[in-house]
Amino acid sequence: MPLRRTLVSRRASRFEVDNRIAETADEWIERESGIQVDVMFRPVASFEAHFLYLFEKFEARPGYSTAVWHNVRSSTILFDREGWFARLQQQTDQPYPEELARAIIALNVPLLHGAINSRAAQAKLAARRGDMVAVNSALTKLLASYFDVLFALNRTLHPGEKRQLTFISTLADVPLNAARDIERLLSFTKATLHEVPNHIEAVVIPLLRLLKKRRQMPTFAGPP
C-alpha cells in the first residue's frame, strides 16, 4: 500500500488509497487532465467462482446477472504477467447459454410481477403511504430486474448500471415506448406519487406480454 500511495500522490490533485466503501479501490483525480481514475482490486478466485456458477450452474441474480461477464469480455488488457486474465477473458468468449437466460427470467419476473412482495408491490405500497424515499428504493430494484430480464430475453450481456436506456435502444426485442415509459415512471414528485402504480404497470406489463409472445414467460409468474 505505501507504494500505491507514492505512485498515486505523484500524479493526483486528490486521492484516496485503499478506499473500502464498496470494493477495495484506489481512487484519484489526475492533476493534469482532471480525469477521475478508479482502480479496483478483486481476487482472481472471485472471478473464477463467478464464472463457474454462471456458465456451469446457470446461476441468476436479482439484477445485473451478466454484468461481470460483459465487463471482463469487453476489457482491454494493459498488463497481465501470468496471463490469467487473458485465460479468463477467453473463457467469456462463448455463446449466451439458453439455460442461463431462462434462469435470469425465471428469477427476476416474479420480482417484477406475481410475487406477494414484488418490487412493484413494494413501490405501490410506498406510494400509497407517501414515502418518496421508499418508492425510489423500490423502483431502483424493480428496474434492476427489468433490465436483467430484457437483456436476457435478447440474449445480450448486461452492460452494467450506466446508460441502460441508451443500450436498450440497440436491442431487437424491446417493448414499444419502453424508454419513454421508464422516464415517466422516474419523474414522480410528491404531488404525483398517486400516479406511480399506473406508471409501474405501463413499464412492467408490456415486458411481460413480450415474454409471453416470445414464449419466455415463466409458468409460475401469473398472467400479465
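As the structure is a prediction and not an experimental result, all values here were calculated from the model. (Residues numbered from 1 in each chain as written. Predicted model: local features only at pLDDT ≥ 70, side-chain atom pairs only at ≥ 80, totals over all residues. Heavy atoms only, no water.)

### Some words on the packing of aromatic side chains
What the rule picks out here adds up to 6 aromatic pairs. Consider the rings of Y146 and F147, whose centres lie 5.5 Å apart with planes at 90°: the pair is edge-to-face. Each member of the pair, Y146 together with F147, is buried. Here the basic side chain of R4 rests over the ring of F41, its NZ or CZ set 4.2 Å away from the ring centre. (Phe/Tyr/Trp six-rings, centres within 6.5 Å; stacked < 30°, edge-to-face > 60°. Buried < 20%, exposed > 50% of the residue type's maximum accessible area, 1.4 Å probe, protein only. Lys NZ or Arg CZ within 6 Å of the ring centre and 35° of its normal.)

### Re the packing of helix α9 (residues 178-185) against helix α10 (residues 196-213)
Where α9 meets α10, the closest approach of the two axes is 9 Å, and the angle between their N-to-C directions is 160°. With respect to their mutual orientation, α9 and α10 come out roughly antiparallel. Of the two possible hands of crossing, α9 and α10 adopt the one that is left-handed. Contacts between α9 and α10 involve D181, I182, R184 and L185 from the former and V196, H199, I200, A202 and V203 from the latter. In terms of residue class, the contact of α9 with α10 is made up of 6 nonpolar, 1 polar and 2 charged. (Axes fitted to C-alpha atoms, helices over the stretch in contact; angles between N-to-C directions. Helix = DSSP H or I, 4+ residues; strand = E, 2+ residues; numbered from the N terminus. Parallel < 35°, antiparallel > 145°, perpendicular 65-115°, else oblique. Left-handed = near helix turned anticlockwise from the far one by under 90°. Contact = heavy atoms within 4.5 Å. Nonpolar A, V, L, I, M, F, W, Y, C, P; charged D, E, K, R; others polar.)

### What about the nonpolar core?
In terms of nonpolar packing, the biggest core is built from 50 residues, with W69, Y96, V135, Y146, V196, I200 and L211 touching the most fellow members. Broken down by secondary-structure element, the contributors of at least two residues to this core are α2 (44-55), α3 (67-73), α4 (84-92), α5 (98-112), α6 (119-128), α7 (132-153), α9 and α10. Element by element, the count of residues in this core is highest for α7, at 12 residues. The residues touching Y146, leaving out its near neighbours within four places in the chain, are L112, P175, A178, I182, V203 and L207. (Core = buried A, V, L, I, M, F, W, Y, C linked by side-chain atoms within 4.5 Å.)

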